[in-house]
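Here is what each chain is made of, one letter per residue.
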Number of protein chains: 2
Amino acid sequence: MLHEEVVGRVRAMLLDGEIPPGARIPERDLCEKLQISRTPLREALKVLAAEGLVQLLPNRGSRAARLTDKDMRDLFEVCQGLEALAGELACERITDAEIAGVADAHAAMVRHYGDRDLLQYYRCNRFIHEAIITAAGNPVLSSLYESVTARIRRARYVTPMTPRRWALAVQEHEAILNALQRRDGVGLSHILRAHLRHKREEVLQAGFAETAPLEQARAS
Amino acid sequence: MLHEEVVGRVRAMLLDGEIPPGARIPERDLCEKLQISRTPLREALKVLAAEGLVQLLPNRGSRAARLTDKDMRDLFEVCQGLEALAGELACERITDAEIAGVADAHAAMVRHYGDRDLLQYYRCNRFIHEAIITAAGNPVLSSLYESVTARIRRARYVTPMTPRRWALAVQEHEAILNALQRRDGVGLSHILRAHLRHKREEVLQAGFAETAPLEQARAS
DNA sequence: TGGATCCAATTTGAATTCAAAAATGGCTAT
DNA sequence: ATAGCCATTTTTGAATTCAAATTGGATCCA
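Residues numbered from 1 in each chain as written. Chains lettered and ligands numbered in written order. Predicted model: local features only at pLDDT ≥ 70, side-chain atom pairs only at ≥ 80, totals over all residues. Heavy atoms only, no water.

A.B. asks: If you had to explain the overall build of chain A to someone new, which residues and values would you point to?
C.D. replies: What chain A contains, in helices and strands, is 9 helices and 3 strands. Computed over the C-alpha atoms, the radius of gyration of chain A is 19 Å, within 12% of the 17 Å expected from 2.2 N^0.38 for a compact globule of 220 residues. Oriented by its inertia axes, the alpha-carbon framework of chain A measures out at about 55 × 35 × 30 Å. Within chain A, the proportion of its 220 residues that are buried is 50%. A separation threshold of at least 6 residues defines the contact pool for chain A, and within that pool the share at least 24 residues apart is 76%. As displayed, chain A has an accessible area near 10,400 Å², and 52% of this comes from carbon and sulfur atoms. (Helix = DSSP H or I, 4+ residues; strand = E, 2+ residues; numbered from the N terminus. Rg over C-alpha atoms; globule rule 2.2 N^0.38 Å. Buried < 20%, exposed > 50% of the residue type's maximum accessible area, 1.4 Å probe, protein only. Contact = heavy atoms within 4.5 Å. Areas by Shrake-Rupley, 256 points an atom, 1.4 Å probe, with all protein chains shown as cover.)

Laid out in structure tokens, this is it:
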């Protein structure tokens, strides 16, 4: 197994909650689960620690990082900045074909909204946001966005919405698509920021932070 | 030597150019220079690779990453976004004492401009930009900013300026301080973006990218 | 009975060792 | 003489080994 693959596998276990936030990560267990020795696993853990997904306790091993309300707020705040930037750049650089792709995803999303299919709705939703990032044509931005959003993904794309809020979100997405089609970068960036601010308030209100009291959580 | 210390030492060697861009990094040499074994060094290299400072070539070791014009452009672009965001947040959260600190640094910077002391000028300049980031009160933002700016630091704070450009930069900094004192977040973010855009154009024009032809560069 | 201390066992951190891949140098053949 | 090929050497990647730190528990004393 390649180094990047080890990192990816463990990252996925953390993001999926297979290793729950706050859980100790016993190296030996994870080693035999992945069928590798401790050396490559430890390399992966250090990388993930640098990403903020793992917390290293000197001489006392590592544990899955846990997000406080403040962390969540900070991550959303940065995410707003990155999406706003991406929105402006995307309007300058996006191709007509890419716009058409976003329009299709948007239409599909609206249909899923009609069906009240939250899972499929979120899938399209995420595709749209990521398409805007991609259209910005800036790999550095894409990479930072990827690492920031990964950490709030579950909160962002799992939290159930009130009917009121969901309807508003769809309206906002209408505006997003519209601004993109008009290539109105400034407008798009404003809408994206408001959109994410609303989502953040919703997530925080739902108390989605990972400051769970359970201390003994362990990777099964 | 602690893990973070190893990472820091090697990172510094890369950023200082002690290991020049594009240079192969022979593990054994670095090991004996740092007086550690290969295991912790390799862990550090993987972390630095994730940061984008080191390029890993499977089965062929690692080399110091090299910035192309495109990389430089992308990094500056993201930096603009991050500083713009920080500027807005800073205006909401900065304390009067912090503003006074920035004002002092600004005054000192203007004096150094009067003396045409580029080194001291850049030192104050950098302090101001970093103070704005800190004042935003968002550790996630600070951390991303740190990693992005580290990679363009030499280009940003070493490039000599034309008298014309230098005067303009000082003017821009007057506007930055002014917006901060008025706590005009939107205004500050616009100025910061323009300021960085100008710096970027200057750096790119000077051909500061690290696409040097020398292939044989080695860490001494 | 409560608390502190010491010892054993587990777990982490890092050096060493071993195997596999790539680079180097020399050799041969044309 | 040069191009291509094979053996040797070097370097990387990963498992193992060894040492140090921490944890848990048992014992001893107040």
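A.B. asks: Residue-level account of the protein's contact with DNA strand C, with values.
C.D. replies: Near DNA strand C you find 14 residues, and of these R38 and R42 of chain A together with S37, T39 and R60 of chain B are the closest. Here a phosphate oxygen of DNA strand C and a backbone polar atom of N59 of chain A are 3.1 Å apart. Taking R60 of chain B, its side chain carries an N or O atom lying 2.8 Å from a phosphate oxygen of DNA strand C. When residues of the surface near DNA strand C are traced back to their parent elements, those giving at least two are α3 (38-51) of chain A together with α3 (38-51) of chain B. Residue composition of the surface near DNA strand C, by class: 3 nonpolar, 5 polar and 6 charged. (Near = heavy atom within 4 Å. Polar contact = N/O pair within 3.5 Å; in protein donor to acceptor, adjacent residues only side chain to side chain. Nonpolar A, V, L, I, M, F, W, Y, C, P; charged D, E, K, R; others polar.)

A.B. asks: Would you mind going over the packing of helix α4 (residues 69-93) of chain B against helix α9 (residues 185-205) of chain B in detail, with residue names and values included?
C.D. replies: Residue and element names in this part refer to chain B. Taken N-terminus to C-terminus, the directions of α4 and α9 make an angle of 160°; their axes are 8 Å apart at the nearest point. Classed by the angle they form, the pair α4 and α9 counts as roughly antiparallel. Helix-helix and strand crossings are classified by hand; for α4 and α9 the assignment is right-handed. Two secondary-structure elements touch here, α4 through D69, M72, R73, F76, E77, C79, Q80, E83, A84, G87, E88 and C91 and α9 through G185, V186, L188, S189, L192, R193, L196, R197, K199, R200, V203 and L204. Residue classes in the contact of α4 with α9 are distributed as 11 nonpolar, 4 polar and 9 charged. (Axes fitted to C-alpha atoms, helices over the stretch in contact; angles between N-to-C directions. Parallel < 35°, antiparallel > 145°, perpendicular 65-115°, else oblique. Left-handed = near helix turned anticlockwise from the far one by under 90°.)

A.B. asks: So what's going on with the packing of helix α8 (residues 163-181) of chain B against α9 of chain B? Which residues, and what values?
C.D. replies: All names here are of chain B. Remark: α8 packs on α9, axes separated minimally by 9 Å, with the N-to-C direction vectors making an angle of 160°. What the angle tells us is that α8 and α9 run roughly antiparallel. Between α8 and α9 lies a crossing of left-handed hand. Contacts from R165, L168, A169, E172, H173, A175, I176, A179 and L180 in α8 reach G187, L188, I191, L192, H195, H198, K199 and E202 in α9. Split by residue class, the contact of α8 with α9 holds 9 nonpolar, 4 polar and 4 charged.

A.B. asks: Before we move on, could you go through the relation of the copies chain A and chain B and cite the residues and values that matter?
C.D. replies: Overlaying chain A on chain B yields an RMSD of 0.0 Å, the required transformation being a rotation through 180° with an accompanying axial translation of 0.0 Å. The relationship between the two copies is best expressed as a two-fold rotation axis. Looking at the interface residues of chain A, 100% of them are also at the interface in chain B, so both copies use one shared face. (Least-squares fit on C-alpha atoms with pLDDT ≥ 70 in both.)

A.B. asks: With reference to specific residues and values, describe the interface of chain A and chain B.
C.D. replies: Across the boundary between the two partners, chain A contributes 25 residues, which contact 25 residues of chain B. Approximately 2,300 Å² of surface area, both sides summed, lies buried where chain A meets chain B, with 64% of it carried by carbon and sulfur atoms. Here chain A and chain B share 8 salt bridges between them. Between K46 of chain B and E43 of chain A there is a salt bridge, and its shortest N-O distance comes to 3.8 Å. Applying the counting rule to chain A against chain B returns 10 residue pairs in polar contact (both at pLDDT 80 or more). The greatest single-element share of the side of chain A that touches chain B, amounting to 11 residues, is contributed by helix α4 (residues 69-93) of chain A. (Buried area = accessible area lost by both parts, 1.4 Å probe. Salt bridge = Lys/Arg side-chain N within 4 Å of Asp/Glu carboxyl O.)

A.B. asks: Explain the nonpolar core to me, and be specific about the residues and the numbers.
C.D. replies: The biggest cluster of nonpolar side chains holds 100 residues, and the ones touching the most others in it are Y121 of chain A together with Y121 of chain B. What Y121 of chain A contacts, discounting residues up to four positions off in sequence, is M109, H112, Y113, M161, W166, A169 and V170 of chain A. (Core = buried A, V, L, I, M, F, W, Y, C linked by side-chain atoms within 4.5 Å.)

A.B. asks: Describe the protein's contact with DNA strand D, and please don't skip the residues or the numbers.
C.D. replies: Around DNA strand D sit 13 residues, and of these S37, T39 and R60 of chain A together with R38 and R42 of chain B come closest. In DNA strand D, atoms within 4 Å of the protein come 65% from sugar and phosphate. Between DNA strand D and R60 of chain A, the relevant distance is 3.0 Å, taken from a phosphate oxygen to a side-chain nitrogen or oxygen of the residue. Residue R42 of chain B places a side-chain N or O atom 2.7 Å away from a phosphate oxygen belonging to DNA strand D. Sorting the residues of the surface near DNA strand D by element identifies α3 of chain A together with α3 of chain B as the ones contributing at least two each. When the residues that make up the surface near DNA strand D are grouped by side-chain class, the tally is 3 nonpolar, 5 polar and 5 charged.

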